[in-house]
Amino acid sequence: MKKYYCLVAGLPEIRIDDNKQNFDLKEFKEELRVNLSEGDFELIKLFYRKFDNLNLIAYLKDAEAKLDDRGNLTPEDFAEILRMVKEEENPKDERIPVYFKEFIPAMLDEKPLFPEMAWEDQLATLYYDDALKCRNEFVSSWFAFNLNVQNILTAINCRNYDLDLGPAIVGNSEIANTIRESNSKDFGLAAMFPYLDDVLHISEEANLYERERRIDALRWKWLEEHSFFKYFTVEKVFAYLLQLEMIERWVKLSQETGLKIFRDFVQELQHSFEFPEEFKLNK
């Protein structure tokens, strides 16, 4: 396992209550591209692929759409990927995430892979299914933990508004399928997910802004606990990247803006299963 002594030692200390950024996500990606091995940087690209997912949806709807430049892929990349997927049976290009090959034809032909699920959630399902197969145990465990937290909170919201939660749950993991099938108060997860009580308590927070802060505090705690002994490793770098993302998001969101976003989220939840981008793919 490669060690990154200089890189990790040189990272500015960050705390969850920081009100300024040391790096933005785009700058940090370029820093890591230079300092990590090719194999380890692939793990970092897996994180940034969520921006590629959002960009793919936008590009398929409008090739002239403005794309998020934090992703791995450029507009030119998307144009070439779309051409290859249309013209080749199984295009082989390292730029193409494997699940793009399944998703792009489905969306172009308007044939959902997961009926009754929004296109964004279908792509998120494919993304998480792929990420959970990551051979790095820390990275795959993070994706599993984050997905479980999101799905439990989604399920609680669906119950509160008397909505069918089946199409709203992302992924095909054991826990995701248990949530879809369970009618019990704890969704049948008491013995499966050790952070269940934490998530249930957070869901009781009436202030939506504070609730989201507490969710990030739980994520931060998980990262600290699981990366504590990963000295100078890519896992430590990956954890730092995730924490940096949380800080970046909260620095950009004033409390007033945050409250508006979450009020809009609740209103949208009452009318459809098409959840906001931040909730679905940004974690």
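Above this text is the structure in question.
These remarks concern the structure in this document. Everything quoted here is computed from the prediction, not taken from an experiment.

## A short note on helix H2 (residues 25-35)
Part 1 of the reasoning: For H2, every residue scored as buried is listed here: Leu25, Phe28, Lys29 and Leu32. Seen along its axis, H2 keeps its buried residues to an arc of 105°; they face one direction.
Part 2 of the reasoning: Residues of H2 that are buried make contact with helix H1 (5-9), helix H3 (38-61) and helix H11 (234-252).
Part 3 of the reasoning: Its side-chain oxygen at 3.1 Å from the backbone nitrogen of lysine 26, aspartate 24 defines the N-terminal cap of H2.

## Thoughts on the packing of aromatic side chains
Part 1 of the reasoning: Scanning all chains against the criterion turns up 24 aromatic pairs.
Part 2 of the reasoning: Summarising the aromatic geometry, the rings of phenylalanine 23 and phenylalanine 28 are spaced 5.1 Å apart at their centres and angled 40° between planes, so their arrangement reads as tilted.
Part 3 of the reasoning: Taken together, a centroid distance of 5.1 Å and an interplanar angle of 70° make the contact between phenylalanine 145 and tyrosine 195 edge-to-face. On the criterion of sequence distance, the pair formed by phenylalanine 145 in helix H7 (residues 137-160) and tyrosine 195 in the loop between helix H8 (174-181) and helix H9 (196-203) is long-range, its members being 50 residues apart. The pair phenylalanine 145 / tyrosine 195 is uniform in exposure class, with both members buried.
Part 4 of the reasoning: Three or more aromatic residues link up through ring pairs in this structure, and these residues are Phe138, Trp142, Phe145, Phe193, Tyr195, Trp222 and Phe238.
Part 5 of the reasoning: Lying across the ring of tyrosine 48, lysine 29 places its NZ or CZ 5.1 Å from the centre.
Part 6 of the reasoning: For arginine 213, the ring lying beneath its charged end belongs to tryptophan 250, and the centroid distance is 4.6 Å.

Conventions used here
- Residues numbered from 1 in each chain as written.
- Predicted model: local features only at pLDDT ≥ 70, side-chain atom pairs only at ≥ 80, totals over all residues.
- Heavy atoms only, no water.
- Buried < 20%, exposed > 50% of the residue type's maximum accessible area, 1.4 Å probe, protein only.
- Helix = DSSP H or I, 4+ residues; strand = E, 2+ residues; numbered from the N terminus.
- Arc of directions from axis to C-beta.
- Contact = heavy atoms within 4.5 Å.
- Polar contact = N/O pair within 3.5 Å; in protein donor to acceptor, adjacent residues only side chain to side chain.
- Phe/Tyr/Trp six-rings, centres within 6.5 Å; stacked < 30°, edge-to-face > 60°.
- Lys NZ or Arg CZ within 6 Å of the ring centre and 35° of its normal.

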